[in-house]
Amino acid sequence: MSRIGMNPIPVPSGVDVTVDGAKVTVKGPKGELSQELPEPIGIDTSEDGVIRLTRPNEERKSRALHGLARSLVNNMVVGVSEGYRRSLEINGTGYRAQAKGKGVEMSLGYSHTIQVDAPEGITFTVERPTLLHVEGIDKQLVGQVASNIRRLRPPEPYKGKGVKYADERIRRKAGKAGK
């Protein structure tokens, strides 16, 4: 039994869920998202503001896709009602970010600055030169854009210089033992 797949999805007020065959469309105050559900999974929208996902049988594939489909629909509901945010910290002498139009320009110790443009549905907020927020309604896209920015200069284990997630802990190594 899928413990995740069996959980009902509460739909907050102001969010509209439309089901057309296997396609689920969720509209809310922050925007609209749609997702195609995997083949054997069904969806029931009841009048009491709760969504339940069903599976036709107990096969291994159906059980695996049940929890996945429930998480995808729940992420869409949360995204259009609250949105997602991923924070990145920049550590290092001279390392900084500054907003440039819809994108962000980053100085990360290279001989040139790096311009990162925001894809459709993503906004960058530079709170201070060493703190950058990636915001949007699509959880997967927010995480992917944050990961791409972190990959420009991953944190190194000796001094901790680089771009890291705000909630990430870097395991520090001792330096070379001198005489």
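Note that this is a predicted model, so its numbers are computed, not measured.

Student: So what exactly am I meant to see when it comes to the pairing of strand 6 (residues 50-54) here?
Tutor: Looking along a regular strand, one sees the side chains alternate between the two faces of the sheet. Pairing between strand 1 (residues 9-10) and strand 6: two bridges, direction antiparallel. Following the sheet pairing, Ile-9 is matched in strand 6 by Ile-51. For strand 5 (residues 42-45) and strand 6, the ladder comprises four bridges, and the chain directions are antiparallel. When the bridges of strand 6 are listed, Gly-42 appears paired with Thr-54. In this antiparallel pair of consecutive strands, strand 5 and strand 6, the connection spans four residues, and Gly-49 shows a positive phi of 80 degrees.

Student: Just to check I follow, could you spell out the packing of aromatic side chains for this structure?
Tutor: Overall, the coordinates contain zero aromatic pairs when judged by the stated rule. Above the ring of Tyr-165, the side-chain terminus of Arg-86 is found at 4.1 Å from the ring centroid. One Lys or Arg, Arg-153, reaches over the ring of Tyr-110 and ends 4.2 Å from the middle of that ring.

Student: Any chance you could explain the environment of Val-15 here in plain terms?
Tutor: If you trace the backbone, Val-15 turns up in the loop between strand 1 and strand 2 (16-20). Here the alpha-carbon distance between Val-15 and Val-77, two residues 62 residues apart in the chain, equals 7.3 Å. Excluding its chain neighbours within four sequence positions, the residues that come into contact with Val-15 are Val-26, Lys-27, Gly-28, Pro-29, Val-80 and Ser-81.

Student: Help me out: how do you make sense of the pattern of salt bridges in this one?
Tutor: Oppositely charged side chains are able to pair whenever their charged atoms sit close together. Applying the stated rule across the entire model yields six salt bridges. The partner of Glu-135 in a salt bridge is Arg-85, with the nearest N and O atoms 3.2 Å apart. Taken together, the residues span a long stretch of sequence, with Glu-135 in strand 12 (residues 131-136) and Arg-85 in strand 7 (residues 84-91) at a distance of 50 residues. According to the relative accessible area criterion, Arg-85 is partly exposed, its value standing at 48%.

How each quantity is defined
Numbers given to residues run from 1 along each chain, matching the order in which its sequence is written. Local features in this predicted model are restricted to residues of pLDDT 70 or higher, and side-chain atom pairs are both shown and tallied only at a pLDDT of 80 or more, whereas totals for entire chains, interfaces and linings draw on every residue. Side-chain measures were taken over the full set of non-hydrogen atoms in the model, leaving aside hydrogen atoms and water. Between any two strands, at least two bridges found by DSSP are needed for them to pair. Secondary structure counts use DSSP, requiring at least four H or I residues in a row for a helix and at least two E residues in a row for a strand, with both numbered from the N terminus. Geometry of aromatic contacts follows a simple scheme: Phe, Tyr and Trp rings, the Trp one being its six-membered ring, pair when their centres are within 6.5 Å, and the pair is stacked under 30 degrees between planes, edge-to-face over 60, tilted otherwise. To sit over a ring, a charge needs its Lys NZ or Arg CZ within 6 Å of the ring centre and within 35 degrees of the ring normal. For this analysis, residues touch if any pair of their heavy atoms sits within 4.5 Å. Each salt bridge in this description consists of a side-chain nitrogen of Lys or Arg and a carboxyl oxygen of Asp or Glu lying within 4 Å of one another. Between buried and exposed lies partly exposed: a residue is buried under 20% and exposed over 50% of the maximum accessible area for its type, with that area taken using a 1.4 Å probe on protein chains only.

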